[in-house]
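Observations on the model geometry
If you want the building blocks of each chain, they are given just below.
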Amino acid sequence: MDPDQGVPFHVTTIFTSRLILMMALVFLFISLLNHQNQMTLLILLILGLICITKLWSRFAFSKMTFTSILDKHKIFPGERITLDITAENAKLLPVWLQVKVRINPSHFVSDTPLCENSYLLWFQRTRFSWTLQSLKRGCYPIGNPHITIADLLGFFPKQTSHSDRVEVIVYPEIISIRPVSLPQHIFFGVPGAQSPVQDPVYILGTREYQSFTPVKFIHWKASARYAKLQEKVCEPSVQEKILIVVDVGLFFTHQATSDFEQMLSAAASMAVNFENRGNAVGFMTNAVISGGASGFVPLGRNRQTLSRILETIARMQMKQDSRVSDIFHQHISVLWGISCIFCSHSIDSSLVKMKQFYARKRIPVKYFVSTMGEPESNPTIVSDMIQPIDTICL
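Residues numbered from 1 in each chain as written. Predicted model: local features only at pLDDT ≥ 70, side-chain atom pairs only at ≥ 80, totals over all residues. Heavy atoms only, no water.

**Some points on the overall build of the protein**
Helix and strand counts for the protein stand at 9 helices and 22 strands. Across the 394 residues that make up the protein, the buried fraction comes to 45%. Carbon and sulfur atoms provide 57% of the accessible area of the protein, an area that totals close to 21,000 Å². (Helix = DSSP H or I, 4+ residues; strand = E, 2+ residues; numbered from the N terminus. Buried < 20%, exposed > 50% of the residue type's maximum accessible area, 1.4 Å probe, protein only. Areas by Shrake-Rupley, 256 points an atom, 1.4 Å probe, with all protein chains shown as cover.)

**Brief notes about the nonpolar core**
Membership of the largest hydrophobic core comes to 40 residues, with the highest contact counts inside it found for Ile244, Met270, Phe274, Phe283, Met316, Ile341 and Phe368. Where this core is concerned, the elements lending two or more residues are strand S15 (241-246), helix H5 (257-276), strand S16 (280-285), strand S17 (287-289), helix H6 (303-315), strand S19 (316-320) and strand S20 (339-344). At 10 residues, the largest contribution of residues to this core is made by H5. Excluding anything up to four places from it in sequence, Phe283 contacts Leu243, Ile244, Val246, Gly295, Phe296, Val297, Ile309, Thr312, Ile313 and Met316. One finds Ala60, Leu120, Ile149 and Val168 within the second-largest nonpolar core, a separate group that totals 27 residues. (Core = buried A, V, L, I, M, F, W, Y, C linked by side-chain atoms within 4.5 Å. Contact = heavy atoms within 4.5 Å.)

**Things to note about the sheet that holds strand S12 (residues 166-170)**
Taken in spatial order, the 3 strands make up an open sheet running S3-S12-S9, and their pairing is mixed. Every interior strand has two partners, whereas the edge strands, strand S3 (74-75) and strand S9 (138-142), have only one. Bridge analysis of S9 against S12 gives 5 bridges, and the strand direction is antiparallel. By the bridge assignment, Gly138 is partnered in S12 with Val170. (Pairing = 2+ DSSP bridges.)

**Describing the sheet that holds strand S18 (residues 296-300)**
If you walk across this open sheet you meet the 6 strands as S18-S16-S15-S20-S21-S22, and the pairing is mixed. Either end of the sheet is taken by a strand with one partner, and the two such strands are S18 and strand S22 (386-388). Across the sheet, the mean angle from the axis of one strand to that of its neighbour is 20°, orientation sign disregarded. The sheet contact formed by S15 and S20 spans 5 bridges and is parallel. Paired with Ile242 across the bridge in S20 is Ser339. Running over the sheet, H5 touches S15, S16, S20 and strand S21 (365-369) and is turned about 170° from S15. Against the sheet, H6 engages S16 and S18, with an angle of about 155° to S18. (Axes fitted to C-alpha atoms, helices over the stretch in contact; angles between N-to-C directions.)

**Concerning the environment of Leu25**
Looking at the element boundaries, Leu25 is found in helix H1 (residues 18-33). Classification of Leu25 by relative accessible area gives partly exposed; the value is 45%. Put simply, Leu25 and Leu47 are 22 residues apart on the chain and 8.5 Å apart in space, counted from C-alpha to C-alpha.

**Some thoughts on a nonpolar patch on the surface**
Judged by side-chain polarity, Met23, Val26, Phe27, Phe29, Ile30, Leu33 and Met39 come together as a nonpolar surface patch covering roughly 670 Å² of accessible area. No other element matches the 6 residues that H1 contributes to the nonpolar patch. Judged by relative accessible area, Met39 falls into the partly exposed class, the value being 41%. (Patch = residues over 30% accessible without salt bridge, like charges linked within 9 Å, V, L, I, M, F, W, Y side chains within 5 Å. Salt bridge = Lys/Arg side-chain N within 4 Å of Asp/Glu carboxyl O.)

**As for H5**
The end-to-end C-alpha distance of H5 is 29 Å, a good match for the 28 Å that 20 residues give at a rise of 1.5 Å each. Immediately downstream of H5, the backbone of Gly278 shows phi near 85°, a positive value. (Expected span 1.5 Å × (residues − 1).)

**Remarks on the packing of H5 against H6**
For the pair H5 and H6, interaxial distance at closest approach is 10 Å and the crossing angle is 180°. With respect to H6, the element H5 is oriented roughly antiparallel. Contacts between H5 and H6 involve Leu264, Ala267, Ala268, Ala271, Val272, Glu275 and Asn276 from the former and Arg303, Leu306, Ile309, Leu310 and Ile313 from the latter. For the contact of H5 with H6, the residue count by class is 9 nonpolar, 1 polar and 2 charged. (Parallel < 35°, antiparallel > 145°, perpendicular 65-115°, else oblique. Nonpolar A, V, L, I, M, F, W, Y, C, P; charged D, E, K, R; others polar.)

**Quick notes on the side chain of Ser223**
If you trace the backbone, Ser223 turns up in helix H3 (residues 220-226). Ser223 gets classed as buried once you look at its relative accessible area, which sits at 6%. For Ser223, the side chain forms a polar contact with the main-chain nitrogen of Gln230, separated by 2.8 Å. When neighbours within four sequence positions are excluded, Ser223 is seen to be in contact with Ile218, Lys228, Leu229 and Gln230. (Polar contact = N/O pair within 3.5 Å; in protein donor to acceptor, adjacent residues only side chain to side chain.)

Functional significance is not addressed by these values, which are geometric in nature.
Following this line, the structure appears as structure tokens:
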């Protein structure tokens, strides 16, 4: 909890004014000179009340605890979360309490006011609850309430910001899309377990090393554990492995925020669609990721991988961190035998370079752009499979 401080420009009564306090002292002096006992008693009561309430307010934050609890930490746009803030007064001194939740109205909305007042008696606990509806994709800190505490008369309030923050991940909106087909990497045309080619990406287990097995399949960690050479037992390569790539550079150049959000929603929807079909899905982006997380999610075909992809998309900012090719080279060892979906804002020279890059790596690519621009200026790229992202969004 941040150090408490006085509330600026807060005047609840004239008795907290310094001018009134000075006038009371002057009248006290006059009443004492003139032996006005009743006026003296009245002024002493007023001064005593001011001193007591000021001292009361000074110790108001003592032994106060606040806890913020969210019922969900990962949601989709339009879903609701419940924020509960519990305040406990663990002392004999009762206090007046105000809790205000500071939330950006463009990110969340609430059906009830975000500011509530209450009185806490000795050793009493109370709970404030708000239902918030998410509006847009992103990563937002919630539960950092602005707290004001004072004596029961509210003469000298003090305020602080509680630092018990929790993070809410709002996934991108999942929309209905048309099926997207990509060429499969099925070696020798033999499906299933009959395939003579194994996929080193999907490891089923280990077994004792066979002399005819290539050295690259040795599982060195397992060998060290068993003090005997162990080899990887891999799953046959039968399924399509799809890497979704989002290049944020042109979105930032054109400041195309709405197109950027539409593209992320479509990319997330494609990831969900491919995962439901049983495909292995990965994700890569050169965007700045809030929280310092990586912009690369390795290929996988499980709900954990899909959750990581959606969270990475939720954390993406419309700022470029590096080049896509640099990230690709960094993870090239785990990107064998993939098909790629490349998402960008429009067709330009950088897209042509990426086309050449993928051609050298022999990776089949399908391109999606937010706007086609003037295709006549890029005849080398138009011949490929390029679609506006609107064509697959239902």
